[in-house]
Amino acid sequence: LKAIKDVKVTATSKLAYIPLHYYPEATTDYWINDQYHVDYMTSLRDTIRLLRKLGYSPIIKEHPAFYMAREKTVYSNLIEDGAIVLEPFIATKDIFELIDVVVVWNGSTGIEALIHGKPVLKVTNSYYGDGIIPDLSEQLAHPLQPTVEIARNVIKTILSTSFKTT
């Protein structure tokens, strides 16, 4: 696993951050419309290969609540697919300073990225991003820059589905 200082950034680098999801979890298992993406590890590995094919270096960090829970071979497979796997205790904010785009299935990192002004692309349907956050398959060549309006719409969606509103 690499330290953040070991990630080589050049003027031509294109870095995509993929925060690993807790697994199993409703947002990556039960709420996904496309059965292909329900198999999170297969979807993840294919996403890494797609990003590489399109000239991105995928950077991956483990979900903080899942530290030491995955088999070591998972990380070996991700590295074999061309991902840079970071140490799990690097602050997400520090990663945002390096990367060009965040790629999520769901999860709070997508929300955090928008608040920090980073573009976010989703792999599949999202409980907070449908109709708001572009799909990876449609937008990777030219990711949209986030706007305050996109971030507001995401927060509005989350609050309207999470808390009783009047």
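Predicted model, so just to flag it, every value in this text is computed and none were measured.

Undergrad: How should I be thinking about the side chain of Lys-118 in this particular structure?
TA: If you trace the backbone, Lys-118 turns up in the loop between α6 (108-115) and β5 (120-122). The buried charged residue Lys-118 lacks any salt bridge partner; its closest oppositely charged side chain belongs to Asp-100, at an N-O distance of 6.1 Å. Here the side chain of Lys-118 touches Phe-96 through a polar contact of 3.1 Å, landing on its backbone oxygen. Engagement of the side chain of Lys-118 in a polar contact is seen with the backbone oxygen of Ile-99, the distance being 2.9 Å. Once residues within four sequence positions are removed from consideration, Lys-118 is found in contact with Phe-96, Ile-99, Val-102, Ala-113 and Pro-146.

Undergrad: Any chance you could explain unusual backbone geometry here in plain terms?
TA: Across residues other than glycine, the phi torsion is negative in most instances, and most of the peptide bonds are trans. Here the phi dihedral of Met-68 falls at roughly 70°; this positive angle occurs in a residue that is not glycine. Classification of Met-68 as exposed rests on a relative accessible area of 66%.

Undergrad: Any chance you could explain the packing of helix α3 (residues 40-53) against helix α4 (residues 72-80) here in plain terms?
TA: When two helices pack together, their arrangement is captured by the angle between the axes and the distance separating the axes. Their axes nearest at 9 Å, the elements α3 and α4 cross at an angle of 25°. In this view, α3 runs roughly parallel relative to α4, as classed from their interaxial angle. Each of Met-41, Leu-44, Arg-45 and Ile-48 in α3 lies in contact with α4, whose residues at this interface are Val-74, Asn-77, Leu-78 and Glu-80.

Calculation notes
- Residues numbered from 1 in each chain as written.
- Predicted model: local features only at pLDDT ≥ 70, side-chain atom pairs only at ≥ 80, totals over all residues.
- Heavy atoms only, no water.
- Helix = DSSP H or I, 4+ residues; strand = E, 2+ residues; numbered from the N terminus.
- Buried < 20%, exposed > 50% of the residue type's maximum accessible area, 1.4 Å probe, protein only.
- Lys, Arg positive; Asp, Glu negative; His and termini not counted.
- Salt bridge = Lys/Arg side-chain N within 4 Å of Asp/Glu carboxyl O.
- Polar contact = N/O pair within 3.5 Å; in protein donor to acceptor, adjacent residues only side chain to side chain.
- Contact = heavy atoms within 4.5 Å.
- Axes fitted to C-alpha atoms, helices over the stretch in contact; angles between N-to-C directions.
- Parallel < 35°, antiparallel > 145°, perpendicular 65-115°, else oblique.

Nothing here speaks to function; it is geometry throughout.
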